[in-house]
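# Survey of secondary and tertiary structure
In case you want the letters, here they are:
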Amino acid sequence: MRFLAVGGGGREHAAVEALRRSGAEVYAAMKNANPGIIAASKKHILCDEKDFAKICAFAKENGVEYAFIGPEAPLEAGIVDALEKEGIRCAAPTKAAARIETSKTFMRELVRKYGIEGNLGFAHFDDAAGAERYLKNIDHEIVVKPVGLTGGKGVKVQGEHLHSFEDTMAYIREIFDNNIGGAGVILEERAIGEEFTQMVFVDGKTIVPLPLVQDHKRAYEGDVGPNTGGMGSYTDSDHLLPFITESERREALKILQQIVDAMAEEGCPYRGTMYGQFMLTVSGPKIIEINARFGDPEAMNVLPILRTGFADICRMMATGTLSGDVEFERKATVCKYVVPRGYGVKSESGHEITVDEEAIRKCGATVYYANVDMKDGRLVTGTSRSVGVIGIADTLEEAESNCEKALAYVRCDAIAVRHDIGTRALVQKRVDHMKALRSA
Ligand code: AMP
Ligand code: GLY
């Protein structure tokens, strides 16, 4: 099978490797020269990931049959609609179906309209004055979100990032003044609990679950600092997480199935990987966001342990023929992202970075290149996350230790890593937090 793969990050490197492992020939389109993707693909072009004319021509020239799209920006711009017009089947949603991510208001209203569990109280505003009147009349904490896409960096939480009415209004005004996310503001009820990611493969009607993952959105150790695209993540060998029960996981899957059913009903059936981010609260899982793609870093946890051929899974998603037998190895994984120093506030980019892939493999780990680029024959950091290092082992502790050993083989003089991700201490803190909430 010949595949087009769009995107040049860590998630896309993991996907291209998985496609190749399952026998596909990959033709890659990305904006940065990701050396991992270049090495794993048959051909590549460097271009704007929303330049459909160029990408469609490249795909046609090379006789591509199927497409995998990594990032949300080309989905929002309608890349799937453009490729499908050319007869290329996509394991990714159309522009209309991608609204489940690209408009937070669309998602919340759909969930409300179909009476699906797990919604949070919310209100949409097109100006700061409306938001101000609303804020004066509520007595609970809220979360401020630009309605459109912000690369995971637009959300601020009262009690954490916003400490007063004035702070909250200042941020809301900043969103409107700078047109952040481009589509207004949504204020959501703040959910308290532990976050988890449940991704599913979807073919328009059927869903197939992936292992549960926990991401770490805050920039600094101890879960403090600004929100980022995600600093790292882990999975456990039983594909659950230590603070969640089987039945709570089933509730999350039921929510995702109902969203898929609702989208078919609305005339925009969903195909591709769907990403459910939930807060596990004492009253069950609550929806934090739904994304129209794999999570990044979460893709780097689950794709290396995927046993079933990824190319086949993509073909089945694209053609509405997904069957229930997708298998993952019973391994634990810990992914820590090496990011440029200052990431989350102001990244210091353009520093040379070296990666000893062979030494990393010997540590029981794997590495995926992300927002790096080739400049004058040297690999340099960009402003977003640089390299994902993933320890893989039978237990979480070994996976974490493998990841730490492997990190020594990524060298750069201006980087940061959240070393606490996947450690026994931090995982135990999550378990204790959930236990305390349940017994209160
Ligand atoms: P998002 O970009 O929507 O994933 O939000 C970034 C982070 O903000 C999430 O990972 C949560 O930690 C937090 N967050 C977002 N929405 C809520 C909410 N309604 N309640 C509590 N925390 C939230
Ligand atoms: N890890 C969060 C995301 O991909 O949106």
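Each remark here, short or long, concerns the structure printed above.
Here we summarise the structure given alongside this text. What you see is a predicted model; the values in this text were computed from it and never measured. (Residues numbered from 1 in each chain as written. Chains lettered and ligands numbered in written order. Predicted model: local features only at pLDDT ≥ 70, side-chain atom pairs only at ≥ 80, totals over all residues. Heavy atoms only, no water.)

Taken together, Asp-215, Lys-217, Gly-229, Tyr-275, Asn-291, Arg-293, Gly-295, Asp-296, Pro-297 and Glu-298 are the residues near ligand 2. Separating an oxygen atom of ligand 2 from a side-chain N or O atom of Arg-293 is a distance of 2.9 Å. For ligand 2, the protein covers 94% of the area, taking 200 Å² as the surface of the free molecule. Considered class by class, the residues forming the shell around ligand 2 number two nonpolar, three polar and five charged. (Near = heavy atom within 4 Å. Polar contact = N/O pair within 3.5 Å; in protein donor to acceptor, adjacent residues only side chain to side chain. Areas by Shrake-Rupley, 256 points an atom, 1.4 Å probe, with all protein chains shown as cover. Nonpolar A, V, L, I, M, F, W, Y, C, P; charged D, E, K, R; others polar.)

With that out of the way, let us pick up the packing of helix 8 (residues 128-136) against helix 9 (residues 165-178). One can describe the packing of helix 8 onto helix 9 by two numbers: an axis separation of 10 Å at closest approach and a directional angle of 160 degrees. On the basis of their axis angle, the class for helix 8 and helix 9 is roughly antiparallel. The two elements helix 8 and helix 9 meet at a crossing, and its hand is right-handed. On helix 9, the residues that touch Ala-128, Ala-131, Glu-132, Leu-135 and Lys-136 of helix 8 are Phe-165, Thr-168, Met-169, Ile-172, Arg-173 and Phe-176. (Axes fitted to C-alpha atoms, helices over the stretch in contact; angles between N-to-C directions. Helix = DSSP H or I, 4+ residues; strand = E, 2+ residues; numbered from the N terminus. Parallel < 35°, antiparallel > 145°, perpendicular 65-115°, else oblique. Left-handed = near helix turned anticlockwise from the far one by under 90°. Contact = heavy atoms within 4.5 Å.)

As a further point, take the nonpolar core. Ranked by internal contacts, the top residues of the largest apolar core, which has 82 residues, are Leu-4, Ile-100, Ile-259, Met-263, Met-274 and Val-387. For this core, the element with the most residues is helix 10 (residues 246-265), which contributes eight residues. (Core = buried A, V, L, I, M, F, W, Y, C linked by side-chain atoms within 4.5 Å. Buried < 20%, exposed > 50% of the residue type's maximum accessible area, 1.4 Å probe, protein only.)

The strand order across the open sheet built from four strands is 11-10-16-17, with neighbouring strands paired in antiparallel fashion. Both outer strands of the open sheet, strand 11 (207-209) and strand 17 (284-291), are each paired with one neighbouring strand and no more. Between one strand and the next, the sheet's axes are offset by a mean angle of 35 degrees, whatever the strand orientation. Here strand 10 (residues 194-203) runs beside strand 16 (residues 271-281); their pairing, made up of 10 bridges, is antiparallel. (Pairing = 2+ DSSP bridges.)

This brings us to the layout of surface pockets. Quantified by volume, the second largest pocket comes out at close to 310 Å³. Forming the boundary of the second largest pocket are 15 residues, of which His-13, Glu-17, Arg-361, Thr-366 and Val-367 lie nearest the centre. The biggest single contributor to the lining of the second largest pocket is strand 20 (residues 365-369), with five residues. When its residues are assigned to classes, the lining of the second largest pocket shows seven nonpolar, three polar and five charged. (1 Å grid on protein atoms, 1.4 Å probe; cavity = no way out; pocket = protein on both sides within 12 Å on 5 of 7 lines; lining within 4 Å. Points joined across faces, edges and corners; volume = space filled by probe spheres on them.)

On to the sheet that holds strand 8 (residues 156-157), then. Pairing in this open sheet of four strands is antiparallel, and the strands run 6-9-7-8 from one edge to the other. Of all strands in the sheet, those with a lone pairing partner are strand 6 (122-125) and strand 8, marking the two edges. As paired strands, strand 7 (residues 142-146) and strand 8 are joined by two bridges and run antiparallel to one another. Looking at the pairing, Val-143 lines up with Val-157 of strand 8.

The next thing to look at is the site of ligand 1. Inspection of the region around ligand 1 gives 17 residues, with Lys-145, Ala-191, Glu-195, Gln-277 and Glu-289 positioned closest. Lys-145 places a polar side-chain atom, nitrogen or oxygen, 2.9 Å from a nitrogen atom of ligand 1. Glu-189 places a polar main-chain atom, nitrogen or oxygen, 3.0 Å from a nitrogen atom of ligand 1. Starting from 470 Å² of accessible surface for ligand 1 in isolation, the protein chains cover 97%.

Another aspect to go through is unusual backbone geometry. Residue Pro-297 is bonded to the preceding Asp-296 through a cis peptide linkage, with omega at 25 degrees. In this model, Asn-179 sits at a positive phi of 55 degrees, which is unusual for a non-glycine residue. Unlike most non-glycine residues, His-239 shows phi in positive territory, near 65 degrees. By the secondary structure assignment, His-239 is in the loop between strand 15 (232-235) and helix 10. Residue His-239 is classed as buried on the basis of its relative accessible area of 10%.

Let us now look at the side chain of Glu-49. One can find Glu-49 in the loop between strand 3 (43-46) and helix 3 (52-61). A distance of 3.0 Å separates a polar atom in the side chain of Glu-49 from the backbone nitrogen of Lys-31. The contact partners of Glu-49, leaving out residues within four places of it in the chain, are Val-6, Gly-7, Gly-8, Ala-29, Met-30, Lys-31, Asn-32, Ile-55, Pro-71, Pro-74 and Ile-79.

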